Amino acid sequence: MYTFNQEDFTKTATEALLFGVYTEEDRPFQTLDEAFSGELQELVEAGDLPLGSGQVTKLHTFGKVVPKRIYFVGLGKQEEVTKDSLRKAFGNVFKQLSKDKVEKAALALESLAGLPVSNALVFEAIGEAQALAPFVLNTYHTDKPKNSVELAELTIIGENQDVKEDIVQALHIGFALGEGANVARRLVNTPGNIMTATALASFAQGIAEKHSFDIEILEKEEMEALGMGALLAVNRGSVEPPRLIVMRYQGKETWENPVALVGKGITFDTGGYSLKGKDGIVGMKMDMGGAASTIGAMDAIGTIKPKANVMAVIPATDNMISGNAFKPDDVITSMSGKTIEIRNTDAEGRLVLADAITYAKRKGAAKIIDIATLTGGVIVALGNEVTGVMTNNDEWFSSVQEAADDTGELIWQLPYFEHYQKQVRTSHIADLNNSPGRAGHAIMAGAFVGAFAEDTPWVHLDIAGTAMASADHDLGPKGPTGVMARTLTKVVMNQAE
Ligand code: BES
Ligand code: MN
Ligand code: ZN
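K.L.:
Got a sec to walk through the overall build of the protein? Specific residues and values, please.
P.N.:
Along its length, the protein carries 15 helices and 20 strands. For 497 residues, the compact-globule estimate of 2.2 N^0.38 gives 23 Å, and the protein sits close to it at 24 Å. Projected onto the principal axes, the alpha-carbon positions of the protein cover approximately 85 × 50 × 40 Å. By residue count, 57% of the 497 residues in the protein fall in the buried class. Long-range pairs, those at least 24 residues apart, make up 78% of the contacts in the protein between residues at least 6 apart in sequence. With the model as given, the accessible surface of the protein reaches about 20200 Å², and the carbon-plus-sulfur share is 49%.

Okay, structure coming up:
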């Protein structure tokens, strides 16, 4: 679907020619302007061709050049262009193409000349934007099925054939990254009655088959045999059986130093006996957002095939109420052997993560990233655009920061001071306590999870605020964002170097 044509862009037969323009160019798009006998320049001067970063202007060419329409993509000031600003600017043009039901488009390479960003990054950003921005969520309407039109073909028009391979490869990588996030978005959007732990496991099975990954799906009896008392406690109130999904991607010759991605897969969080209120409970189908981003990342990894080893571990269950459910004051024993006093059944995410992390460690995880819609506290602390991070290892954290800088997904570190680590270990009756109170509770949750990572390099991502967007944005619709699927994939790709 990506091709490269050595051709003069004014002679390209296409419905839609994409053309980047900088804000402060003297004579923007000279070749084009000549074809229009200087009229484009007049439009710019009259303010009718806005060229600010992210602005898209569509122009009919009236046969003055061969392309039927030109979509000008405002790139902002040339020296200020970043991978992030490109991704957003192209996001807008891909949305417009989708609205206009354009199936084939071309891009004038010359119009992107002189960028302070390498071709590899530019075209990765464009591929990401193409997958992410026009994405439409699955719905269950019976009367109005959504026929979203996807761009089937993008042709790069350029003079220099030498860059062709790099460009096409970067586009493919970018698109795979974006598709990984889209996989996560669809999973999160699927309601809890449909996206049960069993359904999540079969979906993962499908991804594994698509890429020939090794996959193991542990059922309740196996969890019992392994002593996964924390995961099983959360599942006890449910009629839906739990699953532990374990996928392996081996990109190196030998299975050495695998990175473990551990994603919280609570398919619906009622809070359990520490029941959520009637407002707080709505939307809790999204509580498997960490699992979704992990599965999305595995899909992208399967497509991109980096030379790295990864294991995904996903504890999946809902958190329900029944005569069987776990309760405050219960004491449970986790797979690690550590005992836990339950103070709040709504602090369930850290419990399922605890056993999943122990499992990953026993299976030889060299480094761990856990990802979870873990706390309302992280929303209070950082809002809805920034993912909260904690770590026990600065070097491992900087790999994640580097990947996040690359994908434009914002993260910010919360402290992991020793007194926090002590607080989660304060209980009159057990080794740990699952909810020491409201103060700093995003950090308490992370510190609890960290107690199970022990000395293994660990990064914790709390995506409770970032997993859902409250409005349409440059790179997608209101609703599930698939946040961190791209960053996780990048972390793994960077392990290959
Ligand atoms: N799944 C929730 C966290 C959450 C809240 C995600 C809002 C998305 C939006 C988590 O299981 C939870 O209930 N956390 C509690 C912890 C508390 C009981 C210590 C919270 O943050 O209120
Ligand atoms: Mn909860
Ligand atoms: Zn939860």
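K.L.:
Tell me about the coordination of the manganese ion (ligand 2), residues and numbers included.
P.N.:
The protein atoms donating to the manganese ion (ligand 2) are Asp269 (OD), Asp346 (O), Asp346 (OD) and Glu348 (OE), with metal-donor distances spanning 2.1 to 2.2 Å. Each of the 6 donor atoms bound to the manganese ion (ligand 2) contributes to angles spanning 70 to 168 degrees, and the resulting shape is irregular. Every donor residue of the manganese ion (ligand 2) comes from the same chain, spaced as D-x76-D-x1-E. Among the residues examined, Asp346 registers a relative accessible area of 23% and is labelled partly exposed.

K.L.:
Please give an account of the sheet that holds strand β1 (residues 2-6) that cites residues and values.
P.N.:
Taken together, 6 strands build an open sheet; the order of strands is β1-β6-β5-β2-β4-β3 and the sheet is mixed. Two strands bound the open sheet, and with one partner strand each, they are β1 and β3 (56-60). Taken pair by pair, the neighbouring strands of this sheet meet at an average axis angle of 25 degrees, ignoring direction. Summarising the sheet, strand β2 (residues 16-22) and strand β5 (residues 104-108) pair through 2 bridges and their orientation is parallel. Residue pairing in the sheet places Leu17 in a bridge with Ala106 of β5.

K.L.:
Quick one: what's the story with helix α10 (residues 349-362), residue by residue and with numbers?
P.N.:
In a regular helix each residue adds 1.5 Å, so 14 residues correspond to 20 Å; α10 covers 20 Å between its end C-alpha atoms and thus fits that length. α10 sits mainly inside the fold: 12 of its 14 residues count as buried. Positive backbone phi, approximately 95 degrees, marks Gly364, located one or two places after α10.

K.L.:
Pulling in residues and values, what's your account of the coordination of the zinc ion (ligand 3)?
P.N.:
The coordination sphere of the zinc ion (ligand 3), as far as protein atoms go, consists of Lys264 (NZ), Asp269 (OD), Asp287 (OD) and Glu348 (OE), spread over 2.0 to 2.4 Å. Each of the 6 donor atoms bound to the zinc ion (ligand 3) contributes to angles spanning 78 to 176 degrees, and the resulting shape is octahedral. Sequence spacing of the donors to the zinc ion (ligand 3): K-x4-D-x17-D-x60-E. In this model, the zinc ion (ligand 3) sits 3.1 Å from the manganese ion (ligand 2), the two metals being bridged by Asp269. Looking at Lys264, the relative accessible area reads 1%, which means it is buried.

K.L.:
Any chance you could break down the nonpolar core for me, citing the residues and the numbers?
P.N.:
Buried together is how nonpolar side chains tend to be arranged in soluble globular proteins. Grouped together as the largest cluster of nonpolar side chains are 51 residues, with contacts concentrated most on Leu244, Val262, Val313, Ile340 and Leu351. Secondary-structure elements contributing two or more residues to this core are α8 (229-235), β8 (243-250), β9 (259-263), β11 (309-319), α10, β14 (367-372) and α14 (441-453). Looking at this core element by element, the count peaks at 10 residues for α14. If sequence neighbours within four positions are ignored, Val262 has contacts with Thr294, Val313, Leu353, Ala356, Ile357, Ala360, Ile368, Ile369, Asp370 and Ile371.

K.L.:
Account for the site of ligand 1, with residues named and values stated.
P.N.:
Around ligand 1 lies a shell of 19 residues, among which Lys276, Asp287, Asp346, Glu348 and Gly376 are the nearest. Take Lys264: an N or O atom from its side chain is 3.2 Å from an oxygen atom of ligand 1. Between ligand 1 and Thr373 there is a distance of 3.3 Å, counted from a nitrogen atom to a backbone nitrogen or oxygen. Summarising the interface, the protein chains cover 83% of the accessible area of ligand 1, which totals 520 Å² for the free molecule. For the shell around ligand 1, the residue count by class is 5 nonpolar, 7 polar and 7 charged.

K.L.:
Break down the side chain of Thr155 for me, with residues and values.
P.N.:
Mapping Thr155 onto the fold places it in strand β6 (residues 153-158). A distance of 3.0 Å separates a polar atom in the side chain of Thr155 from a polar atom in the side chain of Thr3. Dropping the residues within four chain positions of it, Thr155 is found in contact with Thr3, Phe4, Asn5, Ala105, Ala106 and Leu107.

K.L.:
Explain the domain arrangement of the protein to me, and be specific about the residues and the numbers.
P.N.:
Here the protein is partitioned into domain 1 (2-139 + 149-176) and domain 2 (190-495). Taking only C-alpha atoms, the centre of domain 1 and the centre of domain 2 are 38 Å apart. Across the contact, 18 residues belong to domain 1 and 18 residues belong to domain 2. Approximately 1300 Å² of surface area, both sides summed, lies buried where domain 1 meets domain 2, with 57% of it carried by carbon and sulfur atoms. For domain 1, the biggest contributors to the area lost against domain 2 are Leu132, Leu137 and Ala176; these three give 31% of the whole. A salt bridge links Asp406 to Lys83, with the nearest nitrogen and oxygen atoms 2.4 Å apart. Between the two partners, domain 1 and domain 2, sit 7 residue pairs in polar contact (both at pLDDT 80 or more).

K.L.:
Please give an account of the pairing of β2 that cites residues and values.
P.N.:
Of all the 7 residues making up β2, 7 are buried; the element is thus mostly covered by neighbouring parts of the structure. In terms of strand pairing, β2 meets strand β4 (residues 69-76) through 7 bridges, oriented parallel. Residue Gly20 lies in a different strand from β4, and its bridge partner there is Val73.

What counts, and where the lines are drawn
- Residues numbered from 1 in each chain as written.
- Chains lettered and ligands numbered in written order.
- Predicted model: local features only at pLDDT ≥ 70, side-chain atom pairs only at ≥ 80, totals over all residues.
- Heavy atoms only, no water.
- Helix = DSSP H or I, 4+ residues; strand = E, 2+ residues; numbered from the N terminus.
- Rg over C-alpha atoms; globule rule 2.2 N^0.38 Å.
- Buried < 20%, exposed > 50% of the residue type's maximum accessible area, 1.4 Å probe, protein only.
- Contact = heavy atoms within 4.5 Å.
- Areas by Shrake-Rupley, 256 points an atom, 1.4 Å probe, with all protein chains shown as cover.
- Donors = N, O, S within 2.8 Å, 3.2 Å for Na, K, Ca; no water.
- Tetrahedral: all angles 85-135°; square planar, octahedral: opposite > 155°, others 65-115°.
- Pairing = 2+ DSSP bridges.
- Axes fitted to C-alpha atoms, helices over the stretch in contact; angles between N-to-C directions.
- Expected span 1.5 Å × (residues − 1).
- Core = buried A, V, L, I, M, F, W, Y, C linked by side-chain atoms within 4.5 Å.
- Near = heavy atom within 4 Å.
- Polar contact = N/O pair within 3.5 Å; in protein donor to acceptor, adjacent residues only side chain to side chain.
- Nonpolar A, V, L, I, M, F, W, Y, C, P; charged D, E, K, R; others polar.
- Domains from an automatic or database assignment.
- Buried area = accessible area lost by both parts, 1.4 Å probe.
- Salt bridge = Lys/Arg side-chain N within 4 Å of Asp/Glu carboxyl O.

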